[in-house]
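The lines below spell out each chain.
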2 protein chains.
Amino acid sequence: MRIGELARRAGTTTRTLRYYESRGLLAARRGENGYRSYDEEDLRLLRQIKTLQDFGFELEETRPFVECLRSGQPEGDACPASIETYRRKLAELDACLARLQDVRERLRVQLARAERRSHGPAGAAGAPRGGAAAPEPRCELAGPAPAVTEEGARPWT
Amino acid sequence: MRIGELARRAGTTTRTLRYYESRGLLAARRGENGYRSYDEEDLRLLRQIKTLQDFGFELEETRPFVECLRSGQPEGDACPASIETYRRKLAELDACLARLQDVRERLRVQLARAERRSHGPAGAAGAPRGGAAAPEPRCELAGPAPAVTEEGARPWT
DNA sequence: GTAGACCTTGACGCCGACGTCCGGGCAAGC
DNA sequence: GCTTGCCCGGACGTCGGCGTCAAGGTCTAC
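Residues numbered from 1 in each chain as written. Chains lettered and ligands numbered in written order. Predicted model: local features only at pLDDT ≥ 70, side-chain atom pairs only at ≥ 80, totals over all residues. Heavy atoms only, no water.

An unreviewed UniProt entry lists chain A under the name MerR family transcriptional regulator, from Streptomyces hoynatensis.

1. Some remarks on the packing of aromatic side chains
All names here are of chain A. The condition that has to hold: Only Phe, Tyr and Trp rings are paired, with Trp represented by its six-membered ring, and only when their centres lie within 6.5 Å; those with planes under 30 degrees apart are stacked, over 60 edge-to-face, the remainder tilted. Under the scheme applied here, a residue whose accessible area is under 20% of the maximum for its type counts as buried, over 50% as exposed, and between as partly exposed, the area being computed with a 1.4 Å probe on protein chains only. The criterion for a charge sitting over a ring is simple: Lys NZ or Arg CZ within 6 Å of the ring centre, and within 35 degrees of the ring normal.
Taken as a whole and assessed by the stated rule, the structure comprises six aromatic pairs over all chains. Where F57 meets F65, the ring centres are 5.9 Å apart and the plane angle is 80 degrees; that geometry is what we call edge-to-face. Assigned by exposure class, F57 and F65 land together as buried. Within the aromatic cluster, the residues linked to one another by ring pairs are F57, F65 and Y86. For the cation-ring pair, K89 lies above F57, with the distance from its terminal atom to the ring centre recorded as 5.7 Å.

2. Quick word on the protein's contact with DNA strand D
Quick note on the threshold: Proximity is defined per residue: any heavy atom of the residue falling within 4 Å of a molecule or strand makes that residue near it. Any N or O atom pair separated by 3.5 Å or less is treated as a polar contact, with the protein-specific requirement of one donor-capable and one acceptor-capable atom, and with residues adjacent in sequence counted only for side-chain atom pairs. The helix and strand labels rest on DSSP assignments: H or I over at least four residues marks a helix, E over at least two residues marks a strand, and numbering proceeds from the N terminus. Three classes are used, and their members are as follows: Ala, Val, Leu, Ile, Met, Phe, Trp, Tyr, Cys and Pro are nonpolar, Asp, Glu, Lys and Arg are charged, and the others, Gly among them, are polar.
Taken together, 19 residues are adjacent to DNA strand D, and G4, R18 and R36 of chain A together with Y35 and Q53 of chain B come closest. For DNA strand D, the backbone portion of the atoms within 4 Å of the protein, that is sugar and phosphate, comes to 69%. Taking N33 of chain B, its side chain carries an N or O atom lying 3.3 Å from a phosphate oxygen of DNA strand D. Broken down by secondary-structure element, the contributors of at least two residues to the surface near DNA strand D are helix 1 (3-10) and helix 2 (14-22) of chain A together with helix 2 (14-22) of chain B. The element that contributes the greatest number of residues to the surface near DNA strand D is helix 2 of chain B, accounting for four residues. Among the residues forming the surface near DNA strand D, the class breakdown is six nonpolar, six polar and seven charged.

3. So, the state of the cysteines
Residue and element names in this part refer to chain A. The test is simple: In what follows, a disulfide is any cysteine sulfur pair within 2.5 Å.
Scanning the model with the defined rule gives two disulfides over all chains in all. One disulfide bridge connects C68 with C79, the sulfur atoms lying 2.1 Å from each other. Classification of the bridge connecting C68 and C79 rests on its S-S torsion, roughly 85 degrees, and on that basis the disulfide is right-handed. Taken together, the residues span a long stretch of sequence, with C68 in helix 4 (residues 59-70) and C79 in the loop between helix 4 and helix 5 (80-119) at a distance of 11 residues. Across the pair, exposure class does not vary: C68 and C79 are buried alike.

4. Examining the packing of helix 4 of chain A against helix 5 of chain A
Residue and element names in this part refer to chain A. As a reminder of what qualifies: Fitting a line to C-alpha atoms yields each axis, with helices limited to the stretch in contact; the angle taken between N-to-C directions then spans 0 to 180 degrees. With respect to orientation, any angle under 35 degrees is reported as roughly parallel, any angle over 145 as roughly antiparallel, any angle of 65 to 115 as roughly perpendicular, and every other angle as oblique. Throughout, a crossing is termed right-handed when the near helix is turned clockwise from the far one, and left-handed when it is turned anticlockwise from it by less than a right angle. Residues are treated as being in contact if the distance between any of their heavy atoms lies within 4.5 Å.
Across the interface, helix 4 lies against helix 5 with an axial gap of 9 Å and an inter-helix angle of 155 degrees. Considering their axes alone, helix 4 and helix 5 lie roughly antiparallel with respect to each other. Remark: the crossing between helix 4 and helix 5 carries left-handed chirality. Here E61, P64, F65 and C68 of helix 4 come into contact with helix 5, specifically with A81, S82, T85, Y86, R88, K89 and E92.

5. Quick word on the environment of G76 of chain B
Residue and element names in this part refer to chain B. Counting through the fold element by element, G76 comes out in the loop between helix 4 (59-70) and helix 5 (80-119). By relative accessible area, G76 is classed as buried at 2%. Separated by 31 residues in sequence, G76 and L45 have C-alpha atoms that sit 8.3 Å apart. Beyond its immediate stretch of four places on either side in the chain, G76 contacts Q48, P64, F65, C68, L69 and S82.

6. Points about the protein's contact with DNA strand C
With respect to spatial proximity, 19 residues lie near DNA strand C, and among them Y35 and Q53 of chain A together with G4, R18 and R36 of chain B are the closest. Taking the atoms of DNA strand C that fall within 4 Å of the protein, sugar and phosphate contribute 64% of them. At a separation of 2.8 Å, a phosphate oxygen of DNA strand C approaches a polar side-chain atom of Q53 of chain A. Within the contact set of DNA strand C, a phosphate oxygen lies 2.7 Å away from a side-chain nitrogen or oxygen of R36 of chain B. Of all the secondary structure elements, the ones that give two or more residues to the surface near DNA strand C are helix 2 of chain A together with helix 1 (3-10) and helix 2 of chain B. Among the elements that take part in the surface near DNA strand C, helix 2 of chain A stands out by supplying four residues, more than any other. Classifying every residue of the surface near DNA strand C gives six nonpolar, six polar and seven charged.

7. Observations concerning the nonpolar core
To keep things clear, this is the line we draw: By nonpolar core we mean a set of buried residues, namely Ala, Val, Leu, Ile, Met, Phe, Trp, Tyr and Cys, connected to one another through side-chain atoms within 4.5 Å.
Counting 30 residues, the largest nonpolar core has Y86 of chain A together with Y86 of chain B as the members making the most contacts within it. Within the residue set of this core, elements represented by two or more residues are helix 5 of chain A together with helix 5 of chain B. For Y86 of chain B, the residues in contact, after removing those within four places along its chain, are L107, Q110, L111 and A114 of chain A together with L52, F57, F65 and D77 of chain B.

8. Details of the side chain of Q48 of chain A
Position of Q48 of chain A relative to the elements: it lies in helix 3 (residues 40-54). Not counting chain neighbours up to four residues away, the residues in contact with Q48 of chain A comprise F65, L69, G76 and D77 of chain A.

9. Side note on the packing of helix 1 of chain A against helix 2 of chain A
All names here are of chain A. At a minimum axis distance of 8 Å, the contact between helix 1 and helix 2 shows a crossing angle of 105 degrees. Taken together, helix 1 and helix 2 sit at an angle that is classed as roughly perpendicular. Contact with helix 1, carried on its side by I3, G4, L6 and A7, involves T14, L17 and R18 of helix 2 and no other residues of that element. Residues that form the contact of helix 1 with helix 2 fall into these classes: four nonpolar, two polar and one charged.

What follows is the structure, given as structure tokens:
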């Protein structure tokens, strides 16, 4: 299959695929006309990458998994390097969670204090009021995957 | 005081101060020679900004607090807009924590499965072994503040 | 007068993971 | 032949929060 189809099936873009190729992940064969050619294996590699990215892995960190798959393993995390990466990532996540929880608590306290102060004392200035449509959570983790569109039947469109 | 001194006292750099000025936070008076001139109030503004940044606030999100202080309030979070920002941030943090915890759990499960598989079956390839010096936690929150250097007595140096 | 420490503005660099645009080639249907 | 749709590579843009360098002005001490 060509790059456009692979991109659609993987729920990504051609630009992304070319980018991955430039980074050395996901090499493509070429047809006579120079077009990139992919197979089902490549789709699996791509899905592995996407899954890990959803877990907050950086592109580089998905490399062990991709190479593991390419080495013939049925699962990207069947190799020691992949498992090691899992462990590192888990540790990072724990450190991250600890920090965020600490900050959350401190922020909560600050808010409580500020609210207490603003209840009694003077300084009445109309509050912003009304839901201002939350802007962006920001977790550097990308929301709950936007659903991978499989090629077949797409009633919408 | 001039920009260099303020930067030192606030534990930041002159570049940062000029950047804040360009963003409309922290305006400076100018001396006859064109040099920026700051006072203790500015130091307070800066500290407010730093504190919030440590909490993961983006620069723009510190604006309500800074303006609150400039309006004469004794505390940057004494204004409704600041409190509103606290609330938004707290909500964001909660959403972020929920996502991270979910990811953590999924990652933990994946790791456990991968480890189980790699215990029995073949595929013995020397594991990386040895601590590889943790690279970078990444929380977008900046570690536990590097201690603000106050101008007076500095035995080191 | 001259070295050194400080200040000024302006502009480019960085990082990650792509988005977007450009000019041009290729393939298929009408 | 012409349009439409896909493909190619190259290059610049994005975002936040500054770092870093360049070329020059200012003030102080010796």
